[in-house]
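Structural characterization, general
The lines below spell out each chain.
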Amino acid sequence: MHNAMTVFRREFASYFATPLAFVFIVIFLTLAGAFAFYLGGFYERGQADLAPFFTYHPWLYLFLIPALSMRLWAEERKSGSIELLMTLPITTWQAVVGKYLAAWAFAGVALALTFPIWITVNYLGDPDNGAIFAAYIGSFLMAGGFMAIGACLSAATRNQVIAFIFTVVICFGFLLAGFPMVLSLFEGWAPQALVDAIASLSFLTHFRSISKGVIDLRDLLYFGTLIIAWLIATTIVLDMKKAD
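Counting starts from 1 at the beginning of each chain's written sequence and moves along it residue by residue. The predicted nature of this model means local features are confined to residues of pLDDT at least 70 and side-chain atom pairs, given and counted, to a pLDDT of 80 or more, with totals for whole chains, interfaces and linings taken over all residues. Hydrogen atoms and water are omitted, and side-chain values are computed over all heavy atoms in the structure.

Going by what an unreviewed UniProt entry lists, the protein is known as ABC transporter gliding motility membrane spanning component and is assigned to Steroidobacter denitrificans. UniProt positions are given in the numbering used here, feature names are shortened, and annotations may be inferred rather than shown by experiment. Under the UniProt heading Subcellular location (unreviewed entry), the entry covering the protein gives this text: "Cell membrane".

Right, here's the structure in full:
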């Protein structure tokens, strides 16, 4: 774990060594605010909650998290620095975990900087702060899920654009998995167990459950399992590429 934390500190600091961190945070805060206030009708609803703010997070993450994750390994591979990293006395798993946690923590910083909207809704009314806190946890976990998928696809290619596009496509599939329109494609010919399994893969289903203020162990297990599975896949991909 010590080696993973060393990679984490190096990677996390690197975000703030370039304008990338500030550009990402500004874009995230601007879009999150615009969606909440204009599309979500934050003031017009007349309700003291942050539902219009969290409703658009899955769609924000669909494009912003892949933009962040695409450089995780593709850039290292393109610049050749991955060979140097792999010669250090650390395992591939430690490198994967360290870089992933740094990217996830950076996304968490961007999410935490939305705190003024939480203060605003408390100033205007009497919201359920427990539900808001739960929604923040759900949003953070969902960002971690997106990031884990993006890390794996970034490890599979040295082209950041390809990593971005494939991450968006796969994450979009995970978002839509629980939609009736998608499930109707399987109903009628597939076993019900398979239909239920596809529905259970949906990011939206689990995020909406947590954002209502109910932190269910099944939702936490879903995000935890998904993140670990994709990080294991990332490690396997890197080891296979190393063998090449």
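1. Points about the nonpolar core
What makes a nonpolar core is a set of buried Ala, Val, Leu, Ile, Met, Phe, Trp, Tyr and Cys residues whose side-chain atoms join them at distances within 4.5 Å. Burial status follows relative accessibility: with a 1.4 Å probe on protein chains alone, a residue under 20% of its type maximum counts as buried, one over 50% as exposed, and anything between as partly exposed. Counting 67 residues, the largest nonpolar core has Trp73, Phe146 and Phe203 as the members making the most contacts within it. The element contributing the most residues to this core is helix H9 (residues 129-155), with 15 residues. Contact criterion: two residues are considered in contact whenever any of their non-hydrogen atoms come within 4.5 Å of each other. In this structure Phe203 touches Met142, Gly145, Phe146, Ile149, Cys171, Phe174, Leu175, Tyr222, Phe223 and Leu226, once residues within four positions along its chain are discounted. Numbering goes from the N terminus for both helices and strands, where a helix is a DSSP run of H or I of at least four residues and a strand is a run of E of at least two.

2. Side note on the packing of aromatic side chains
We call Phe, Tyr and Trp rings a pair once their centres come within 6.5 Å, taking the six-membered ring for Trp, and we label the pair stacked below 30 degrees between planes, edge-to-face above 60, and tilted otherwise. Tallied over the entire structure, the rule returns 20 aromatic pairs. When the ring of Trp104 is compared with that of Phe140, the centres are 4.6 Å apart and the planes differ by 15°; the resulting orientation is stacked. Placement of Trp104 in helix H7 (residues 92-112) and of Phe140 in helix H9 is noted, with a sequence separation of 36 residues between them. A residue is classified by how much of its surface remains accessible, and Trp104, at 14% relative accessible area, is buried. An aromatic cluster is defined as three or more aromatic residues linked by ring pairs; in this entry it consists of Phe8, Phe12, Tyr15, Phe16, Phe22, Phe24 and Phe106.

3. Topic: a nonpolar patch on the surface
A contiguous nonpolar patch, built from Trp93, Ile228, Ile232, Ile236 and Met240 and spanning about 490 Å² of accessible area, is present on the exposed surface. With respect to the helices and strands, the residue Ile236 is situated in helix H14 (residues 217-243). You can call Ile236 partly exposed: its relative accessible area is 47%. Surface patches are defined over residues having more than 30% relative accessible area and no salt bridge, joining like charges when they lie within 9 Å and nonpolar side chains (Val, Leu, Ile, Met, Phe, Trp, Tyr) when within 5 Å. To measure how exposed things are, a 1.4 Å probe is used in the Shrake-Rupley method; for residues, cover is taken only from the protein chains shown. Salt bridges are defined by distance alone: a side-chain nitrogen of Lys or Arg within 4 Å of a carboxyl oxygen of Asp or Glu.

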